[in-house]
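Residue-level listing of the chains:
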Amino acid sequence: MMTKELCSSAPFESYLYIYECRSGEEFFKEIKDDDILDLETQVIHWVKDYFGGEAEVDLPLIPGMEGEYFASIKTDFNPPDSVISWESAGFYIKSID
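The structure displayed is predicted, hence computed values, not measured ones. (Residues numbered from 1 in each chain as written. Predicted model: local features only at pLDDT ≥ 70, side-chain atom pairs only at ≥ 80, totals over all residues. Heavy atoms only, no water.)

Enquirer: Would you take a moment to explain a negative patch on the surface for this structure?
Expert: Side chains of E13, D33, D34, D35 and D76 sit close together on the surface and give a patch of like negative charge. Structurally, D76 is set in the loop between β4 (69-74) and β5 (87-95). (Patch = residues over 30% accessible without salt bridge, like charges linked within 9 Å, V, L, I, M, F, W, Y side chains within 5 Å. Areas by Shrake-Rupley, 256 points an atom, 1.4 Å probe, with all protein chains shown as cover. Salt bridge = Lys/Arg side-chain N within 4 Å of Asp/Glu carboxyl O. Lys, Arg positive; Asp, Glu negative; His and termini not counted. Charge placed at Lys NZ, Arg CZ, Asp CG, Glu CD. Helix = DSSP H or I, 4+ residues; strand = E, 2+ residues; numbered from the N terminus.)

Enquirer: Just checking my understanding: could you explain the pattern of salt bridges for this structure?
Expert: Where charged atoms of side chains with opposite charge meet at close range, the side chains can pair. Taken as a whole and assessed by the stated rule, the structure comprises five salt bridges. For R22, the salt bridge identified is with E20, shortest N-O distance 3.7 Å. Looking at R22, the relative accessible area reads 70%, which means it is exposed. For E20, a relative accessible area of 8% gives the class buried. We note a salt bridge from R22 to E68, for which the minimum N-O separation is 3.5 Å. Remark: E68 occurs in the loop between β3 (55-62) and β4 and R22 occurs in the loop between β1 (15-20) and β2 (26-30); sequence separation between them is 46 residues. Linked by salt bridges that have partners in common, E20, R22 and E68 make up one network. (Buried < 20%, exposed > 50% of the residue type's maximum accessible area, 1.4 Å probe, protein only.)

Enquirer: Just to check I follow, could you spell out the environment of S88 for this structure?
Expert: Its place among the elements puts S88 in strand β5. Here S88 is in contact with L39, F70, A71 and S72, once residues within four sequence places are set aside. (Contact = heavy atoms within 4.5 Å.)

Enquirer: Help me out: how do you make sense of the side chain of E20 in this one?
Expert: Take E20: it is sitting in strand β1. Within the structure, E20 has its side chain in polar contact with the side chain of S23 (distance 2.5 Å). Setting aside chain neighbours within four positions, we find E20 in contact with E25, F27, E68 and Y69. (Polar contact = N/O pair within 3.5 Å; in protein donor to acceptor, adjacent residues only side chain to side chain.)

In structure tokens form, the structure reads like this:
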């Protein structure tokens, strides 16, 4: 159950929004004009950066809000709690052995 109140304003015009389902922690990564608007690509880059190369996305991404994390690409200054998304999916991560 989500207990944390979601951010109500957009931090960037276009951004990757990540929600950690257990803790309710939110993460935002700006998507620049020349970046690819592809959720899988953006999530892979975020996991690599956030976990310092010690974890990777357990592909494929899962349609809907299932998984350890929920990710969506927001554009046009839409806030995280908006139902309008470019693309969204849930995902799990796994350790790199």
